[in-house]
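# Secondary and tertiary structure notes
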Amino acid sequence: MALIQVKNLTFYYGGSYHYIFDNVSFQFDSHYKTALIGRNGRGKTTFLKLLMGEYEYQGCIIKSEDCVYFPYHVKEPSDWTINICYEIAPSLQQWQLEKELRYLKVDLEVLYRPFETLSQGEQTKVLLAILFLKEHSFLLIDEPTNHLDQESRQVVAQYLKKQKGFLLVSHDRYFIDQCCDHVIAIQPTSIEVVQGHFSSWYENKNNKDKNEQQRNEKLKKEISRLEEAKRNTSLWADQVEKTKKGHRISGLKPDRGYIGHKSAKMMQKSKNVERRQNKAIEEKRKLLKDREEYEDLKINSLNYYQDTLLSFQYFSLFYQKQRLFKELTFCIHQYDRILLKGKNGCGKSSILRFICNQNIEYKGEYYRGSQLKISYVPQDCSFLNGNLESIIEKYHVDETLVKTILRKFGFSREIFEIDLENYSEGQKKKVMLSISLATQAHLYIWDEPLNYIDIFSRIQIEKLILEYQPTLLFVEHDKAFQKKVATKIIDLDEVI
């Protein structure tokens, strides 16, 4: 049993008054296949970096093994892949590596190609294989699924399931359930370590939340009552102070010593009562804060004047004169929620960009309804920079509404003051999703909207779509999201 112990961990980034971790303590076994979950910005990647020793912190982290971080930074991507593998794990036996790559369904010829020529999925698989072969190390895996299609996610999940132990940050619920047997949940003011699959933990959490909802309503009423009592105490103290002058009004000569003594005694009593009230209020509020709450989102989509918004007949797209697929035929009707499915590189994102008026060569028949308003969320949001207000203004949406949605996505008000280039990838994606939700449109086109998005926000988005039923065309590899949201599936692998 190799425990990793965290004692009284406190950490915040320089220049910030916001604590990422505030005196937290917990422990877990490095033999566990552990999922680390929590809201974006809650400190998941930061904790991995702390385990790597990259930041200074207060408290204590005790571990008996060296930690290795994925994604691994390859210094010379132009070098052959096999050389990079030996650089990472010098004592490597090649037969071991080939065995691992076969488990991951990677063609062995990639070892004799420059690493930079591998697809992102191939790079992910090769690095996972070599890092697990590195001796006397514990692997910290940070969001490995972001560049994997659904088939590759399945392969990687089955591969991880066979491993001895690791700590995994992922937001894909189905993926986590397939390969993890423990969960570390970073909550608002505490960290919880539980045994079992994520789905079991979340089901238990939901049951607890339902039971605690009534309790929380009572807590809020008690806080309100205590605050009212605090105000009354303050008024009473003011009245006591005024008694010093009351005898002058009546025309009687005051006994200043008696009145002063009485006033001081009553003021001290008032302060003691107020201290007890403040303490009681803070204790009640702490009970509320430690519950992961998320508010419902809203969208105000537009109805189109006819049923058919878009249609494709025997449609093909081309990239550098190469046909991506052929004879694609489908229509988008009002209230459809269509999932574009297929392997990486089959043309899913190209279709979305084509609809959004990007100049891409095509053949076949394409119909687009007149005056059709579209809201688009791109797959890659790394282009965002500058301040939040300027980006909101660029998209001509209501600033207050966008910020309200971001608050419901878990943003603090302090984050609004930070330049976008300092946002995490998940926070950038939430900015684009919030702008889309604030846009009145007939059709919403989302390209992998859940990349880097935390589990709780995914659940919010699912609930929104099911309640308001916007017309949606999307690409997404999260199997749980697909199952809940899609009303139709277009599989491009079947038309290639």
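What you see is a predicted model, and the numbers here were worked out from it, not measured in a lab.

### Remarks on the sheet that holds strand β3 (residues 33-37)
An order of β5-β6-β7-β3-β8-β9 is seen for the six strands of this open sheet, with the pairing classed as mixed. At either margin of the open sheet sits one strand with a lone partner, and together these are β5 (66-70) and β9 (191-195). Strand-to-strand twist of the sheet, defined as the mean angle between neighbouring strand axes without regard to direction, takes the value 20°. Bridge analysis of strand β6 (residues 137-142) against strand β7 (residues 166-169) gives four bridges, and the strand direction is parallel. By the bridge assignment for β7, Asp-142 is matched with Val-169.

### Quick word on the nonpolar core
One finds Ile-37, Leu-97, Ile-130, Ile-141 and Leu-160 to be the most contacted residues of the largest nonpolar core, which totals 49 residues. At seven residues, helix α4 (residues 120-133) tops the list of elements feeding residues into this core. Among the nonpolar cores identified, the runner-up in size contains 37 residues, and Ile-391, Leu-437, Tyr-444 and Ile-453 belong to it.

### Description of the pairing of strand β15 (residues 374-377)
In summary, the side chains of a regular strand alternate between the two faces of the sheet. In β15, alternate side chains face the same way, and those of Ser-375 and Val-377 are buried while those of Ile-374 and Tyr-376 on the opposite face are not. Sheet topology note: the β15/strand β16 (residues 443-447) ladder contains four bridges and is parallel. Its bridge partner being in β16, Ser-375 is matched across the sheet by Tyr-444.

### Concerning the packing of aromatic side chains
Inspection of the entire model under this criterion finds 26 aromatic pairs. Centroid distance Phe-26 to Phe-28: 6.4 Å. Interplanar angle 15°. Geometry classified as stacked. The structure contains a cluster of three or more aromatic residues connected by ring pairs, namely Phe-312, Phe-315, Phe-325, Phe-330, Phe-354, Tyr-362 and Tyr-366. If you follow Lys-49 out to its NZ or CZ, it ends over the ring of Tyr-69, 4.1 Å from the centre.

### Quick notes on the sheet that holds strand β1 (residues 3-11)
Pairing is antiparallel in the open sheet, where three strands are placed in the order β2-β1-β4. In this open sheet, the two edge strands, each paired with only one partner strand, are β2 (21-29) and β4 (58-62). Neighbour-to-neighbour, the strand axes of the sheet open up by a mean angle of 10°, direction not taken into account. In this structure, β1 lies alongside β4, joined through four bridges in antiparallel fashion.

Calculation notes
Residues numbered from 1 in each chain as written. Predicted model: local features only at pLDDT ≥ 70, side-chain atom pairs only at ≥ 80, totals over all residues. Heavy atoms only, no water. Pairing = 2+ DSSP bridges. Helix = DSSP H or I, 4+ residues; strand = E, 2+ residues; numbered from the N terminus. Axes fitted to C-alpha atoms, helices over the stretch in contact; angles between N-to-C directions. Core = buried A, V, L, I, M, F, W, Y, C linked by side-chain atoms within 4.5 Å. Buried < 20%, exposed > 50% of the residue type's maximum accessible area, 1.4 Å probe, protein only. Phe/Tyr/Trp six-rings, centres within 6.5 Å; stacked < 30°, edge-to-face > 60°. Lys NZ or Arg CZ within 6 Å of the ring centre and 35° of its normal.

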